[in-house]
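The residues making up each chain are set out below.
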Amino acid sequence: MEPAPGAPGGTGEGPSSSSDPADPGAASLPPPPPRQEQQQQQPPLSRYESQKRRDWHTFLQYLKNHKPPLTLARCSGAHVIEFLKYLDQFGKTKVHAAGCTFFGQPNPPAPCVCPLRQAWGSLDALIGRLRAAYEESGGRSESNPFAARPVRIYLREVRESQAKARGIPYEKKKRKRDPSAATAASASASTATVAEESSEAGGGSSASAPPAAGGTSSATSGSATSSAVGVRPDGSSSSS
């Protein structure tokens, strides 16, 4: 008589070992942490870092769509200037032409047909971010196309031309001095002034000191002499 399936010694398959809670091999690995916790562990990017990453991706896409396509290794300062001119079509700053009646007016009273351009401040900040992103991506600082001399010259020309066209001079921002440093500087200046005045006063007193000292010593010697010399009844003096 054949044993019943599932009975001890039977040929039927018993329960799976993975379902047996007493089987140590049935213990599974702990589940991976939720994706939300992993995202919380990574610090969020700052506004500067996020903008730098977007600018870098935009520039790489521009090189890819360039005709003929360009690689980052072959990119030069001239290509960077082409990229800046390409961005002018997305600008929002009105730059008056030389023949415009509003040329040089910071607040024109009426609209005109002058084109919109990228503001110089935006281009300058963009080049700074791309220069940093290039080196962070493995590029060498000596071959950085964003730090090339033609790019610096182009930015300076854009600044000067927009300043004339818009009537807004671009001046370098003065660095804010540390209040503590300013206080220390003023204190040292006042100390130096007091020391100078003291030295001048000391010089005057030292100039007049010798006669006074001499007068005092002569007066003292005179009194000492008079005390040492006695007066006789006949009016003559005699040394004691």
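Within every chain, residues take consecutive numbers counted from 1 along the sequence as written. Under the rules for a predicted model, residues below a pLDDT of 70 receive no local features and side-chain atom pairs below 80 are neither given nor counted, while totals for whole chains, interfaces and linings still include all residues. Water and hydrogen atoms were dropped before computing side-chain values, which therefore reflect all heavy atoms in the structure.

## Comments concerning the overall build of the protein
Step number 1: What the protein contains, in helices and strands, is six helices and four strands.
Step number 2: Starting at the N terminus, helices and strands are each numbered in turn, a helix being any DSSP run of H or I of at least four residues and a strand any DSSP run of E of at least two. Mapped from its N terminus to its C terminus, the protein presents α and β elements in the order α-α-α-β-β-α-α-α-β-β.
Step number 3: We call a residue buried when its accessible area falls under 20% of the maximum for its residue type, exposed when it is over 50%, and partly exposed in between, using a 1.4 Å probe and counting protein chains only. For the protein, the residues scored as buried account for 19% of the 240 residues in total.
Step number 4: Contacts were defined at the residue level, with two residues in contact if any of their heavy atoms lie within 4.5 Å. In the protein, the share of contacts with a sequence separation of at least 24, taken over all contacts with a separation of at least 6, comes to 53%.

## Digging into helix α3 (residues 77-87)
Step number 1: Residues G77, H79, V80, I81, F83, L84 and L87 constitute the buried set of α3.
Step number 2: Buried positions along α3 lie against α2 (47-65), α4 (120-136) and α5 (149-166).

## Here's the deal with α5
Step number 1: Between the first and last residue of a helix there are one fewer steps than residues, each counted as 1.5 Å, and that sum is the expected span. For α5, which comprises 18 residues, the first-to-last C-alpha distance of 26 Å matches the rise-based estimate of 26 Å (1.5 Å per residue) to within 8%.
Step number 2: Of all the residues in α5, the buried ones are V151, Y154, L155, V158, Q162, A163 and A165.
Step number 3: Taken together, the buried residues of α5 touch α3, β2 (116-117) and α4.

## Let's talk about the packing of aromatic side chains
Step number 1: Each pair of aromatic rings taken from Phe, Tyr and Trp, with Trp reduced to its six-membered ring, is defined by centres within 6.5 Å and is described as stacked if the planes are under 30 degrees apart, edge-to-face if over 60, and tilted in the remaining cases. Under the defined criterion, the tally for this structure stands at ten aromatic pairs.
Step number 2: Arranged with centres 5.0 Å apart and planes meeting at 65°, the rings of F59 and F146 form a pair that is edge-to-face. Within this pair, whereas F59 is found in helix α2, its partner F146 is found in the loop between α4 and α5, the two being separated by 87 residues in sequence. Take F59 and F146: they sit in the same class, and that class is buried.
Step number 3: Three or more aromatic residues joined by ring pairs form one cluster here, namely W56, F59, Y62, F83, Y86, F90, Y134 and F146.

## Points about unusual backbone geometry
Step number 1: That bond from K67 to P68 is cis: its omega, -5°, falls within 30 degrees of zero.
Step number 2: In this fold, P68 is placed in the loop between α2 and α3.

## Digging into the confidence of the model for the protein
Step number 1: When pLDDT is averaged across the protein, the result is 73; 53% of the residues are at 70 or more.
Step number 2: For the protein, the element scoring lowest by mean pLDDT is strand β3 (residues 229-231), at 45; α3 scores highest, at 96.
Step number 3: The predictor's confidence in any single residue is recorded as pLDDT, a number from 0 to 100. Predicted confidence is poor over residues 204-233, with pLDDT under 50, and the contacts of this stretch with residues over four places away or in other chains come to twelve contacts.
Step number 4: Across residues 236-240, confidence stays below pLDDT 50; counting only partners more than four residues off in sequence or on other chains, it has twelve contacts.

## Side note on the packing of α2 against α3
Step number 1: Axes here mean lines fitted to C-alpha atoms, for a helix over just the part in contact, with angles spanning 0 to 180 degrees between N-to-C directions. At their nearest, the axes of α2 and α3 sit 11 Å apart, and the two run at 105° to each other. The orientation of α2 with respect to α3, classified from their angle, is roughly perpendicular. Contacts between α2 and α3 involve T58, F59 and Y62 from the former and H79, E82, F83 and Y86 from the latter.
Step number 2: Residues that form the contact of α2 with α3 fall into these classes: four nonpolar, two polar and one charged. Oblique is the label for any angle not covered by the other classes, which are roughly parallel (under 35 degrees), roughly antiparallel (over 145) and roughly perpendicular (65 to 115). Residues are grouped as follows: Ala, Val, Leu, Ile, Met, Phe, Trp, Tyr, Cys and Pro are nonpolar; Asp, Glu, Lys and Arg are charged; every other residue, Gly included, is polar.

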